[in-house]
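Coordinates in review
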Amino acid sequence: MKTVYAFLADGVEEVEALMVIDLLKRSKKLNVVMVSVKEELVVEGSHGIRFFADKIIDEIDFNTGDCIFLPGGAVGTENLAACKELEENILKYNKQGKWLAAICAAPSIYGQLGILKDKKATSYPTFAEKMNCKEYGGSVVTDGNFITAKGLGVALELGLEMITRLTDEETSEMVADQIQYS
């Protein structure tokens, strides 16, 4: 079973995070671990909704992961980008060809690290100048080991695309059917 580390920071866009996490868990073929980048499990989202991560970043073994998922939110993205341990492991995952997924403002983290230079990618439009990618635009874009999404309106599509890439098309279709998405 593949492991997805979903990173959470104060200011995260709650629905972008939880929609994708929920869908990945519904697949029953992915181990999804919600990880706080701060020293406590409670994370407060961009709209004041608090929720609990499963672990803090110091408690996980990045070597056992198959995918890093970064939800957006402008403040949440700033807080994720400030985490040096996460940054180091994003670069390591990229070198290893492991999956890197992000939505809304968060794909700009990959762009600012310079790892999208030869990729097609997307983000929330106001972050376009920070993407530093070969080709920009679209709703949900997969190129190589990157899956990026424009924003909250396509969080469901991002979750299904991640399921397709990390498991298979049949599992993604099963989850889509379960939630009555056609």
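Residues numbered from 1 in each chain as written. Predicted model: local features only at pLDDT ≥ 70, side-chain atom pairs only at ≥ 80, totals over all residues. Heavy atoms only, no water.

1. A closer look at the packing of helix α1 (residues 14-26) against helix α5 (residues 155-166)
Helix packing geometry: the angle between the two helix axes and the distance between the axes. Stated formally: The angle between two axes is taken between their N-to-C directions and runs from 0 to 180 degrees, where each axis is a line fitted to C-alpha atoms and a helix contributes only its stretch in contact. What counts as a helix is a DSSP run of H or I of at least four residues, what counts as a strand is a run of E of at least two, and both are numbered from the N terminus. Each crossing is labelled by how the near helix is turned from the far one, with a counterclockwise turn of less than a right angle marking it left-handed and a clockwise turn marking it right-handed. By the convention used here, residues are in contact when the closest approach between their heavy atoms is within 4.5 Å. Under the scheme applied, nonpolar residues are Ala, Val, Leu, Ile, Met, Phe, Trp, Tyr, Cys and Pro; charged residues are Asp, Glu, Lys and Arg; polar residues are all the others, including Gly.
Interaxial distance between α1 and α5 falls to 8 Å at its minimum, and their mutual angle equals 35°. Seen along the crossing, α1 lies across α5 with a hand that is right-handed. Where α1 approaches α5, its residues E16, M19, V20, L23 and L24 are matched on the opposing element by A155, L156, L158, G159, L160, M162 and I163. Of the residues assigned to the contact of α1 with α5, the class counts are 10 nonpolar, 1 polar and 1 charged.

2. Remarks on the side chain of N89
Our working definition: Each polar contact in these results corresponds to two N or O atoms within 3.5 Å; when the atoms are within protein, one needs to be able to donate a hydrogen and the other to accept it, and residues that are neighboring in sequence are counted only if both atoms are side-chain atoms.
Among the secondary structure elements, N89 is positioned in helix α3 (residues 84-96). A distance of 2.9 Å separates the side chain of N89 from the backbone oxygen of E85, its partner in a polar contact. Ignoring any residue separated from it by four or fewer positions in sequence, one finds N89 in contact with F62 and I68.

3. Side note on helix α2 (residues 74-81)
As a reminder of what qualifies: Think of it in three bands: residues with accessible area under 20% of the maximum for their type are buried, residues over 50% are exposed, and the middle band is partly exposed, with areas taken using a 1.4 Å probe on protein chains only. The reported arc concerns the directions from the helix axis to the C-beta atoms and nothing else.
Residues G76, T77 and L80 constitute the buried set of α2. Projected down its long axis, α2 shows its buried positions confined to an angular sector of 100°, all on one face. The elements touched by buried residues of α2 are β1 (2-8), β6 (67-70), α3 and α4 (107-112).

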